[in-house]
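Given next are the chains, with one letter for each unit.
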Amino acid sequence: DRDVTGVQTCALPISLFSTTFNGSGFGSGIYDLDLSTGAVSTVPTLNSVTESTAMARSGDYSTAAAVLGDDSGGPFYVYSAATGNLVSGQLNSFITSGALDGDGSTLLVDGTYVVDAATGALLGTINGPSGSAALTTAGTTGYVLSGSTITELNVSRFLTGSTISLPDPASGGSQLEIGRAHV
């Protein structure tokens, strides 16, 4: 029994989604829903992901990222909709969410790890709160939602900035995105 956990529409007609299942470990996949035909197929290079895989997409819809939660190796994937090219990497830490900038060139994982999306190389680490994060179009500024605060991030310098206190702490599953918040 599978439930859809994340949907990211890329350059049409591609829409990627991940599934989850009761339990833990690998066993889910990432699927491509062709919006013009309604056909669903497994993305061959992403056919084994964890039950808590989070999806993100770039502002221009060209790129999607998958962050595999519940795995101490911290695996992630970056997928180009135009070419089908897949980049993978490991952060050697439990991770839960990712955010891409406007053109899909920078991946921010948990508001902590800044990754070159084209190569999967770790560019730097931001010491501070971790949680659901969002990037601006330029990718130089980000925000991380952690507990009852949103912290501004200087992504290009790997620094934290000012914080905004929330009246109530974010609950489990809260996601921060530029332009909208999912709670």
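Residues numbered from 1 in each chain as written. Predicted model: local features only at pLDDT ≥ 70, side-chain atom pairs only at ≥ 80, totals over all residues. Heavy atoms only, no water.

Bringing the sheet that holds strand E18 (residues 159-165) into the picture now. Within the open sheet, the four strands sit side by side as E15-E16-E17-E18. Their pairing is antiparallel. Only two strands of the sheet have a single neighbouring strand rather than two, namely strand E15 (132-135) and E18. The mean inter-strand angle of the sheet, taken between neighbouring strand axes irrespective of direction, is 25°. (Pairing = 2+ DSSP bridges. Helix = DSSP H or I, 4+ residues; strand = E, 2+ residues; numbered from the N terminus. Axes fitted to C-alpha atoms, helices over the stretch in contact; angles between N-to-C directions.)

Looking now at the environment of Leu159. One can find Leu159 in strand E18. Along the backbone, Leu159 and Thr125 are 34 residues apart, and their C-alpha atoms lie at a distance of 8.6 Å. Setting aside residues no more than four positions away along its own chain, Leu159 makes contact with Ile126, Glu152, Leu153 and Asn154. (Contact = heavy atoms within 4.5 Å.)

Attention now goes to the sheet that holds strand E11 (residues 98-100). Pairing is antiparallel in the open sheet, where four strands are placed in the order E11-E12-E13-E14. One side of each edge strand has no neighbouring strand; the edge strands of this open sheet are E11 and strand E14 (121-125). Taking the axes of each pair of neighbouring strands and ignoring which way they run, one obtains an average angle of 25° across the sheet. As defined by bridge partners, strand E13 (residues 113-116) adjoins E14 across four bridges and the pair is classed as antiparallel. When the sheet's bridge partners are listed, Val114 is paired in E14 with Gly124.

Right, let's talk about the pairing of strand E7 (residues 53-57) for a bit. Where burial is concerned, most of E7 is hidden: four out of the five residues are buried. Pairing between E7 and strand E8 (residues 63-68): five bridges, direction antiparallel. By the bridge assignment for E8, Ala56 is matched with Ala65. What sits between the antiparallel neighbours E7 and E8 is a turn of five residues, in which Tyr61 has the positive phi angle 70°. (Buried < 20%, exposed > 50% of the residue type's maximum accessible area, 1.4 Å probe, protein only.)

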